[in-house]
Amino acid sequence: MPTTKEEVNQLIASHSIVIFSKTSCPFCKMAKQVFHNLQKEYTAIELNERNDGDEIQSILGEMTGARTVPRVFVNGVCLGGGTDVKKLYETGELQKMF
């Protein structure tokens, strides 16, 4: 059964920090490291370890305008990818979101 946009929205809504990721992606590791540095718990959805990972990635592409990983959500808002999150962290903007 295909994964739906509603199911993806439910994943995002049920956690304050969600990272749609792939285990071997260096930009995904960069984003996770930012939250480790902040000592903030996050939920990582490892798309390459799920049967519906490609479907989820396509849904995220429709929702956010980009299929690339990571797709990072804080309090339901997509912050973008690893570089975007790192930049927000370095400028102090990310810390204001908690």
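Residues numbered from 1 in each chain as written. Predicted model: local features only at pLDDT ≥ 70, side-chain atom pairs only at ≥ 80, totals over all residues. Heavy atoms only, no water.

Caption draft 1: View of the packing of helix α2 (residues 26-37) against helix α4 (residues 82-91). Relative to each other, α2 and α4 sit at 25°, their axes nearing to 8 Å. For the element pair α2 / α4, the angle class is roughly parallel. Considering the relative orientation of α2 and α4, their crossing is left-handed. Along its contact with α2, which presents F27, M30, A31, V34, F35 and N37, the element α4 presents G82, T83, V85, K86 and Y89. When grouped by side-chain class, the residues that make up the contact of α2 with α4 number 7 nonpolar, 3 polar and 1 charged. (Axes fitted to C-alpha atoms, helices over the stretch in contact; angles between N-to-C directions. Helix = DSSP H or I, 4+ residues; strand = E, 2+ residues; numbered from the N terminus. Parallel < 35°, antiparallel > 145°, perpendicular 65-115°, else oblique. Left-handed = near helix turned anticlockwise from the far one by under 90°. Contact = heavy atoms within 4.5 Å. Nonpolar A, V, L, I, M, F, W, Y, C, P; charged D, E, K, R; others polar.)

Caption draft 2: Quick peek at the pairing of strand β1 (residues 17-21). Summarising burial for β1: 5 of the 5 residues are buried, a large majority. The alternating pattern of β1 places I17, I19 and S21 on one face and V18 and F20 on the opposite face, and all of these are buried. Taken together, the 4 bridges between β1 and strand β3 (residues 71-74) define a ladder with antiparallel strand orientation. When the bridges of β3 are listed, I19 appears paired with V72. When β1 meets strand β2 (residues 43-46), the two strands line up parallel, connected through 4 bridges. Among the inter-strand pairings, I19 is bridged to a residue of β2, identified as A44. A crossover links β1 with its parallel partner β2, the connecting element being α2, and its sense is right-handed. (Buried < 20%, exposed > 50% of the residue type's maximum accessible area, 1.4 Å probe, protein only. Pairing = 2+ DSSP bridges. Right-handed = clockwise from strand over helix to strand, strands pointing away.)

Caption draft 3: View of the nonpolar core. In this structure, V8, F20, L47, I56, L60 and F73 are the most contacted members of the largest nonpolar core, which totals 13 residues. For this core, the secondary structure elements donating two or more residues are α1 (5-13), β1 and α3 (53-64). Sort the elements by how many residues they give to this core and α3 lands first, with 3 residues. Ignoring anything within four residues of it in the chain, the contact list for V8 reads T3, F20, I56, I59, L60 and M63. Counting residues in hydrophobic clusters, the runner-up holds 12 residues, among them I17, I19, V34 and L38. (Core = buried A, V, L, I, M, F, W, Y, C linked by side-chain atoms within 4.5 Å.)

Caption draft 4: Up close: α4. For α4, every residue scored as buried is listed here: G82, V85 and L88. For α4, the buried positions fall inside an angular range of 130° around the axis, keeping them on one side. Facing away from the buried surface of α4 by more than 90 degrees, the exposed residues are K87, E90 and T91. Its buried side turned inward, α4 meets α2, β3 and β4 (77-80). Backbone geometry just after α4 places G92 at a positive phi near 85°. (Arc of directions from axis to C-beta.)

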